Amino acid sequence: MDTEGIRQVAEKLKSSTRVVVLTGAGISQESGVPTFRGADGLWQNFRAEDLATPEAFEKDPVLVWRWYDWRRSLIQPLKPNPGHYALADLEKRIEDFTLVTQNVDGLHKAAGSKHPIEMHGSLWRVRCMQCGTDFENREVPIDIPPRCETCGGLLRPAVVWFGEALDQEILREIYRCLERAETMLVVGTSGAVQPAASFGLVAKKAGAFVVEVNRSKTPQSAFFDVSIQGKAGELLPHLVEHMTQ
Ligand code: BV8
Ligand code: ZN
């Protein structure tokens, strides 16, 4: 465990009032959620382009829903891990704290994080392709293909697919936080997907101290001020612990 690095980051966090944290699939890995590109990767048997795109859904909504229904049934019984709880705890210690997650599993909310920005949407929300109603749906299994109660239209998972633009309002809010951040943590993400992959660099350019917490080195590790390798579920609780010393 890189205790020196942890201590240095804890000191930085203690003296910061504006902190942004970006998380990716790696923070949910210890809860049993398969990551996207790791050995247990979700995409292992499929290519992202085959399933998580509007074209794939257009072509075969049943196939895409079967994949989402499988992921929802896999994730539903899973619980947050100490990494999620450490970030919910950190939020209480920092005056102006923003958590941005690429994850769609809902585990940050389940761990008590107040307003996680779920930039890629949520597995637990659906949206009607006809009337646009967006609502929570936790049915497992879900009727395939699910229909809108209001207008009978086809429902889709309320997530952001590859090739889809992110919600402009959400993006504006994220960039505003990145520009003002004194310290940023980038946790459990391979930095493969845009625009999330650029957030650490945006914050750094604006003057933030940027820390990467990841199981392994990533192509961006060299850009960050500190890069700590290890499991988020172990490192983050240590980080918060050192803040109280
Ligand atoms: C957009 C929701 C524009 C769906 C997801 C070519 C170059 C650059 C960009 C592009 C390009 N071609 C296309 C693009 C754009 C594309 C993109 O980035 N493609 C990539 C793949 C090349 N991006 C988009 O399409 C985005 N939209 O750009 O719009 C636009 C503008 C106007 C008009 C139209 C369009 C939308 C992207 C959103 C895609 N949706 N999810 C669903 O989940 O079903 S992305 C998906 O990947 C998940 O959200 C996931 O979070 C995300 C990123 O993956 P990671 O979280 O990083 O996970 P990964 O497995 O990769 O890494 C895990 C890491 O954790 C690893 O490093 C591992 O070592 C580490 N780890 C593992 N265990 C642990 C750990 N760390 C700590 N502790 C552990 N225990
Ligand atoms: Zn409808």
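Residues numbered from 1 in each chain as written. Chains lettered and ligands numbered in written order. Predicted model: local features only at pLDDT ≥ 70, side-chain atom pairs only at ≥ 80, totals over all residues. Heavy atoms only, no water.

Overview of the sheet that holds strand β5 (residues 134-136)
In step 1: Ordered by their spatial adjacency, three strands build an open sheet running β5-β4-β6, and the pairing between neighbours is antiparallel. Whereas interior strands pair on both sides, the edge strands pair on one side only; in this sheet they are β5 and β6 (155-159). Here the strands of the sheet are splayed against their neighbours by 45 degrees on average, with no regard to which way each runs.
In step 2: In the sheet, strand β4 (residues 121-128) pairs with β5 via three bridges, with the strands oriented antiparallel. (Pairing = 2+ DSSP bridges. Helix = DSSP H or I, 4+ residues; strand = E, 2+ residues; numbered from the N terminus. Axes fitted to C-alpha atoms, helices over the stretch in contact; angles between N-to-C directions.)

What to know about the packing of helix α5 (residues 82-93) against helix α9 (residues 232-243)
Between two packed helices, both the angle of their axes relative to each other and the distance between the axes serve to describe the pair.
In step 1: The N-to-C vectors of α5 and α9 enclose an angle of 25 degrees; their axes lie 7 Å apart at closest approach. With respect to α9, the axis of α5 lies roughly parallel. Relative to α9, the crossing made by α5 is left-handed. For the pair α5 and α9, the contacting residues are Pro-82, Gly-83, Ala-86, Leu-87, Asp-89, Leu-90 and Arg-93 in the first and Ala-232, Gly-233, Leu-236, Pro-237, Val-240 and Met-243 in the second. (Parallel < 35°, antiparallel > 145°, perpendicular 65-115°, else oblique. Left-handed = near helix turned anticlockwise from the far one by under 90°. Contact = heavy atoms within 4.5 Å.)

Examining α9
In step 1: With twelve residues, α9 should cover 16 Å at 1.5 Å per step; its first-to-last C-alpha distance of 16 Å lies within 8% of that length.
In step 2: Turning to α9, its buried residues are Ala-232, Gly-233, Leu-235, Leu-236, Leu-239, Val-240, His-242 and Met-243. (Expected span 1.5 Å × (residues − 1). Buried < 20%, exposed > 50% of the residue type's maximum accessible area, 1.4 Å probe, protein only.)

As for the coordination of the zinc ion (ligand 2)
Six octahedral donors around a metal ideally sit at 90 or 180 degrees from one another, while four tetrahedral donors ideally sit at 109.5 degrees.
In step 1: Here the zinc ion (ligand 2) is held by the protein donor atoms Cys-128 (SG), Cys-131 (SG), Cys-148 (SG) and Cys-151 (SG), which lie 2.2 to 2.3 Å from it.
In step 2: The site at the zinc ion (ligand 2) holds four donor atoms, and with the angles between them running 100 to 118 degrees, its shape is tetrahedral.
In step 3: All donors of the zinc ion (ligand 2) come from a single chain, and their spacing in sequence reads C-x2-C-x16-C-x2-C. Placement of the pair is Cys-131 in the loop between β4 and β5 and Cys-148 in the loop between β5 and β6, with a sequence separation of 17 residues.
In step 4: Assessed through its relative accessible area of 39%, Cys-131 is described here as partly exposed. (Donors = N, O, S within 2.8 Å, 3.2 Å for Na, K, Ca; no water. Tetrahedral: all angles 85-135°; square planar, octahedral: opposite > 155°, others 65-115°.)

Here we look at the domain arrangement of the chain
In step 1: Each domain of the chain was delimited in the assignment, giving domain 1 (3-33 + 79-120 + 166-243) and domain 2 (38-77 + 127-159).
In step 2: Between the C-alpha centres of domain 1 and domain 2 there is a distance of 27 Å.
In step 3: Listed per partner, the contact involves six residues of domain 1 and six residues of domain 2.
In step 4: In total, domain 1 and domain 2 occlude about 480 Å² of area from one another, counting both sides; carbon and sulfur atoms represent 58% of this.
In step 5: At the surface where domain 1 touches domain 2, the tally comes to zero residue pairs in polar contact (both at pLDDT 80 or more).
In step 6: In terms of residue class, the side of domain 1 that touches domain 2 is made up of two nonpolar, two polar and two charged. (Domains from an automatic or database assignment. Buried area = accessible area lost by both parts, 1.4 Å probe. Polar contact = N/O pair within 3.5 Å; in protein donor to acceptor, adjacent residues only side chain to side chain. Nonpolar A, V, L, I, M, F, W, Y, C, P; charged D, E, K, R; others polar.)

So, the site of ligand 1
In step 1: Contacts to ligand 1 come from 34 residues, most closely from Arg-37, Tyr-68, Arg-71, Gly-163 and Ser-190.
In step 2: Backbone polar atom of Gln-102 to an oxygen atom of ligand 1: 2.7 Å apart, as the coordinates give it.
In step 3: Contact between ligand 1 and Asn-214: an oxygen atom at 2.9 Å from a side-chain N or O atom of the residue.
In step 4: Residues that form the shell around ligand 1 fall into these classes: 13 nonpolar, 15 polar and six charged.
In step 5: There are two domains that each give the shell around ligand 1 at least three residues, and those are domain 1 (3-33 + 79-120 + 166-243) and domain 2 (38-77 + 127-159). (Near = heavy atom within 4 Å.)

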